[in-house]
Amino acid sequence: MDPPRVLSIQSHVVHGHVGQKSSVFPLQLHGHDVDVINSVHFSNHTGYTGGFQGTVLQGAELLAILQGLVSNKLFSADILLTGYIGSKSFLQAVLTVLKTLKSTNPNALYFCDPVLGDNGKFYVPEELVGIYKAEVLPQADVVTPNEFEVLKLTGIEVTDLATAKLACRSLHEVGPSIVVITSVSFKSTSPDRLTVVASSAKLKKCWTCTTPVVPGKYTGTGDLFTALLLAWYAKLDNVLPRALEKVVQSLFFIIKNTHEHGGSGSELRLIQSKEILERGGGGLAETEELLAEGFFVARLENENLFKGSK
């Protein structure tokens, strides 16, 4: 059976690896056909000191593209993936795309990366928060917020495992059956490691997986995380903890490769990390050494906080 077909709606940049350019290549490497609709078309990502130029698409433009696909009987997908959205009308139009998809494929899944910002700063109009909370998340099957986005979507500041699980439950109660908080720095944990928290409302289980911290800040990692989660979740028969381990390993070694060749803050060396993307991690010796230190292992946590969740 072929891997699921993906419709990816997120940002496009001419230079660099964020949005579509951080997601489509990894998905294709794992065998997915990917149809692409850009939410914005920028010269570069928004973090460059010289700014950026380009166009933010509006909802009418997304609906026109949808109509063109439907009219030619070209609209089909098994999974909808969304990331960076730059306007209120476009985000609302995504719901029309999802409704149309569900009408033709009721089993289609929706992977939502609710891109809002990071490190205390919004990347998108703040008015999108309310739309995500009230309209988008209730329709999502899988949601992958970072620490900042969790705070904005739930009002819960994640500082430890207990608050992370409360945030996961809060998101489950809105709609998504799977929640993955993509990077959290717990106060009780050494600053040289990050924790990823994943939970399944259906299984009523929660897992944590830790990774070493690579110095610097890198863009596109959240987009890459969600794309790889989709790919490995499909490839590993929807076994969430196994997929989580592959994703966390891949991200670490790709960022490490980027840091070693370009330094802190450089664009992800995605193409040069093709083998890491395909195998889901680094070389055998280095991986085994880090596994021995407790990294990259999905650990099942206490399930009590999920009692009674959807």
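First things first, this report covers the structure right here in the doc. (Residues numbered from 1 in each chain as written. Predicted model: local features only at pLDDT ≥ 70, side-chain atom pairs only at ≥ 80, totals over all residues. Heavy atoms only, no water.)

1. Concerning the packing of helix 2 (residues 59-71) against helix 3 (residues 88-104)
Relative orientation of the contacting elements helix 2 and helix 3 amounts to 20°, with a least axis distance of 7 Å. As far as their axial angle goes, helix 3 and helix 2 are roughly parallel. Handedness of the crossing formed by helix 2 with helix 3: right-handed. Contact residues: helix 2 offers Gly59, Leu62, Leu63, Leu66 and Val70, while helix 3 offers Ser89, Phe90, Ala93, Val94, Thr96, Val97 and Thr100. Partitioning the contact of helix 2 with helix 3 into residue classes produces eight nonpolar, four polar and no charged. (Axes fitted to C-alpha atoms, helices over the stretch in contact; angles between N-to-C directions. Helix = DSSP H or I, 4+ residues; strand = E, 2+ residues; numbered from the N terminus. Parallel < 35°, antiparallel > 145°, perpendicular 65-115°, else oblique. Left-handed = near helix turned anticlockwise from the far one by under 90°. Contact = heavy atoms within 4.5 Å. Nonpolar A, V, L, I, M, F, W, Y, C, P; charged D, E, K, R; others polar.)

2. A closer look at the nonpolar core
By size, the foremost hydrophobic cluster in this structure holds 51 residues, and its most contacted members are Ile9, Tyr132 and Ile181. The biggest single contributor to this core is helix 3, with eight residues. When neighbours within four sequence positions are excluded, tyrosine 132 is seen to be in contact with Gly83, Ile85, Leu91, Cys112, Asp113, Pro114, Val115, Leu116, Leu137, Pro138 and Leu153. (Core = buried A, V, L, I, M, F, W, Y, C linked by side-chain atoms within 4.5 Å. Buried < 20%, exposed > 50% of the residue type's maximum accessible area, 1.4 Å probe, protein only.)

3. Description of the pattern of salt bridges
Inspection of every chain in the model, using the stated rule, returns seven salt bridges. The partner of glutamate 260 in a salt bridge is lysine 256, and the shortest N-O contact between them spans 2.7 Å. In this pair, glutamate 260 and lysine 256 both sit in helix 8 (residues 240-262), four residues apart, roughly one turn of the helix. When salt bridges with common partners are traced through the structure, they connect Arg5, Asp33 and Asp35 into a single cluster. (Salt bridge = Lys/Arg side-chain N within 4 Å of Asp/Glu carboxyl O.)

4. Observations concerning the side chain of threonine 163
Structurally, threonine 163 can be placed in helix 6 (residues 161-174). A residue is classified by how much of its surface remains accessible, and threonine 163, at 18% relative accessible area, is buried. If we skip the residues at most four places from it in the chain, threonine 163 touches Ile156, Glu157 and Val158.

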